[in-house]
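Observations on the model geometry
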Amino acid sequence: MSELETVRKEIEEIDREILSLIDRRVNLAEKVLESKRINGTSINDRKQNEVVINRALNAATELNLDLGSVKEIFEILIRMSIERQNELSGKGSLP
């Protein structure tokens with residue numbers, strides 16, 4: 001196996017880990033939704049969304065990652081979580 005193939009294989013493994021973590025994160029939507037119902041919080045909690053984005057941007061700064069890209073990624077993750085919560089509550093747009 002060439003060095004390029006070895007690196008690509010490592011990237012593939014990392015991609016699978018990332019997807020597994022995204023799956024774990026989205027699946028926590030049920031617990032989040034239950035807590036939001038108890039606390040009377042809306043599904044789209046803008047304050048918490050800002051907390052999540054800021055936390056990600058702070059970590060990205062420490063890791064010297066592109067802040068714009070990291071912000072986009074976390075906005076997508078938040079949307080995925082909101083959509084899953086909407087789906088669980090019967091308000092989702094997914095089939």
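Given the structure is predicted, the values throughout are model-derived calculations rather than measurements.

1. Section: the overall build of the protein
Each helix and strand counted, the protein has 4 helices and 0 strands in total. Ordered by position in the sequence, the α and β elements of the protein form the string α-α-α-α. Rg of the C-alpha trace for the protein: 17 Å, well past the compact-globule value of 12 Å for 95 residues, more than 25% over. Each principal axis of the C-alpha atoms in the protein carries an extent, and together these give about 55 × 30 × 20 Å. Out of the 95 residues belonging to the protein, those deemed buried represent 19%. In the protein, of all internal contacts separated by at least 6 residues, the share reaching a separation of at least 24 is 58%. With the model as given, the accessible surface of the protein reaches about 7,600 Å², and the carbon-plus-sulfur share is 53%. For the protein, the separation between the mean place of its 15 positive charges and that of its 18 negative charges on side chains is 9 Å.

The rules behind the values
All residue numbers here refer to positions counted from 1 along the written sequence of the relevant chain. For a predicted model such as this one, the threshold for reporting local features is a pLDDT of at least 70, and the threshold for listing and counting side-chain atom pairs is 80 or more; totals across whole chains, interfaces and linings nevertheless cover every residue. Hydrogen atoms and water are omitted, and side-chain values are computed over all heavy atoms in the structure. Strands here are runs of E lasting at least two residues and helices are runs of H or I lasting at least four, both read from the DSSP assignment and numbered beginning at the N terminus. Both definitions apply: the radius of gyration is a C-alpha atom measure, and the globule rule equals 2.2 Å times residues to the power 0.38. Here the term buried applies to any residue with accessible area under 20% of the maximum for its type, exposed to any over 50%, and partly exposed to those in between, with areas from a 1.4 Å probe on protein chains only. Should any heavy atoms of two residues lie within 4.5 Å, those residues are considered in contact. Surface accessibility in these figures is a Shrake-Rupley result with a 1.4 Å probe; residues are shielded only by whichever protein chains are displayed. Residues scored as charged are limited to Lys and Arg (positive) and Asp and Glu (negative), so that His and the chain ends carry no count. Charge positions are represented by NZ for Lys, CZ for Arg, CG for Asp and CD for Glu.

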